[in-house]
Amino acid sequence: MALATVRRILISETVDPCCKQILQENGIAVTEKQNLSKDELIDEMKGYEGLIVRSATKVTADVINAAENLKIIGRAGTGVDNVDVEAATKKGIIVMNTPSGNTTSAAELTCGMIVSLSRQIPQAVMSMKAGNWDRKKFMGAELYGKTLGIVGLGRIGKEVAIRMQSFGMKTVGYDPIIPPEVSATFGVEQMSLERLWPLCDYITVHTPLMPSTTGLLNDESFAKCRKGVKVINCARGGIIDEGALLRALESGQCGGAGLDVFIDEPPKDWSLVNHPGVVSCPHLGANTKEAQIRCGRDIATQIVEMLQGKSLIGTVNAQVLTAAIAPESRPWIKLGEALGSVAKACAGQVKSQVQITALGQSLKNAAGYLSAAVVVGLLKDGSKSAVNLVNALPLAKEAGVTVCCVHHSDAAPMLAQRACAVEISANGVSHKVVGSVQGDVPVLLELNGGLFRHPVPLTGNLIFFKALASPQLVPSVAGVLAAAGLQVELFSTSAAIAGEQWCSVGVSSLLGDLNTLKVHVKEALQLSL
């Protein structure tokens, strides 16, 4: 299932030529314009559905909000620190990166930093270039038998561990997401940060920059470290508190630092760079020919495969879409949207509490995209922003919709092997709608307890009403519809409960005044799908 339509893409930084070639071969027009100011980027973006950046372009909320047609932002590299993901998500724009594009390059640079710190290689090189032969000054230390602490055990952290184990280093680590049994398979013993700090001779960080990791190594944590610990940051500037690091270096608590990244790039304060114990680079982690080719190729391929409905890789704000991209999911997404619209018509308002259940074993992985689709149906025509699967749940909160429960059950309703149930509550009144898919057509199975004898196709103009089952009901309703000039295209009824039943009528157009029908029935609602 294709998730978006993209005809034109702007590449705002230098990316390997293979990126442009892959996109063009797949029918996408590509424009390359570098070194754009913020205002120039805002003006330029109005004509594009896609934007590809590296790390220099700042894709701020202002840029995103001005890009009326933008559907996707691709970051040719890891991390998306330069993209306002929240603003993009609210506008329904997919943000993706290339999670493995620079893994090897960043890992190798980290290992190079560790070796350089252990033997003071850069300092010795500069000394010799200055005409000195000073062997005693550059006494080093072996890596063999030393302990390396790795904070962040994703792709890069894992590769660093494997490489440094070949030097005979013991590797320990911390990661709040990777299970300890997984890191054990590549030789890293996991432990808490409180245990890790005092054990390590070297510490390297490989985490994204977020509130929980900003200043992770600070005055307090440095004080807990082994005296003379050496630290490396080839991830993101700010994970190590630069002021705390300088103080630790000057006091001897830190014995050296390898820095490829800084809070400000280039640095505004060069105190760390100029410190004799610091080995520094101008953000070279992904600066290899191989990484640039890989990142350019990966981002182009990911975009093309997403547009073709083949796969969804590297998305950072639309994980719910991963299961939705399969072709068989498309009618279920339509069902979710239709059930959301029916539920809203029942409740008579958007502000509500909603519970969504995916029923049937084959829908085990569908609860996420079904919930987003239901919310799309709830918010459609009532939101200031265009609603899609990317921004549905964030916009729901703003609209007063509380999705209080989303879950899956293997139990399926009597009339189908799999189904989606939506329960909506507003002003103390609850409604329940249950639907399924038959022959790729979304159908309604149940409305507020009434099981339809024949499933109702959720398409076109529909009128639902609840009334006492009586011989006079059909003629009365038919008279109202005829007087309004409506043609009946479909009619279905539910089984009677306590003498009452729900009826569904497919009509050529909706009633101009639903009250003309309400005088003959107990409840009535109508909608177009």
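The rules behind these values
- Residues numbered from 1 in each chain as written.
- Predicted model: local features only at pLDDT ≥ 70, side-chain atom pairs only at ≥ 80, totals over all residues.
- Heavy atoms only, no water.
- 1 Å grid on protein atoms, 1.4 Å probe; cavity = no way out; pocket = protein on both sides within 12 Å on 5 of 7 lines; lining within 4 Å.
- Points joined across faces, edges and corners; volume = space filled by probe spheres on them.
- Nonpolar A, V, L, I, M, F, W, Y, C, P; charged D, E, K, R; others polar.
- Helix = DSSP H or I, 4+ residues; strand = E, 2+ residues; numbered from the N terminus.
- Buried < 20%, exposed > 50% of the residue type's maximum accessible area, 1.4 Å probe, protein only.
- Lys, Arg positive; Asp, Glu negative; His and termini not counted.
- Salt bridge = Lys/Arg side-chain N within 4 Å of Asp/Glu carboxyl O.
- Contact = heavy atoms within 4.5 Å.
- UniProt positions renumbered as here; feature names shortened; annotations may be inferred.

A. Looking closely at empty space enclosed by the protein. Per the counting criterion, the structure on display carries one cavity of 30 Å³ or more. For the largest cavity, the calculated volume is near 40 Å³. Taken together, the residues of the lining of the largest cavity break down into five nonpolar, three polar and one charged.

B. How the structure looks around the side chain of E13. When you line up the elements, E13 lands in the loop between β1 (8–11) and α1 (17–25). Despite its burial, E13 pairs with no opposite charge; the closest candidate is R54, at 5.1 Å N-O. Not counting residues up to four positions away in its chain, the partners in contact with E13 are K33, Q34, I52, V53, R54, S55, A56 and T57.

C. Just the UniProt feature "domain: D-isomer specific 2-hydroxyacid dehydrogenase catalytic" (unreviewed entry) in the chain, in detail. The positions that UniProt labels "domain: D-isomer specific 2-hydroxyacid dehydrogenase catalytic" (unreviewed entry) are, in the present scheme, residues 9–317. Here residues 9–317 is 37% helix and 16% strand, with 20 Å between the C-alpha atoms at its ends.

D. Structural context of the pattern of salt bridges. All told, the structure shown has 16 salt bridges when counted by the stated rule. Across the pair R247 and D219 runs a salt bridge, and its minimum N-O distance is 2.8 Å. On the criterion of sequence distance, the pair formed by R247 in helix α11 (residues 242–251) and D219 in helix α10 (residues 219–224) is long-range, its members being 28 residues apart. Relative accessible area serves as the criterion here: at 45%, R247 is assigned to the partly exposed category. By relative accessible area, D219 is classed as partly exposed at 42%. Members of the salt-bridge network, linked through shared partners, are E86, K90 and E398.

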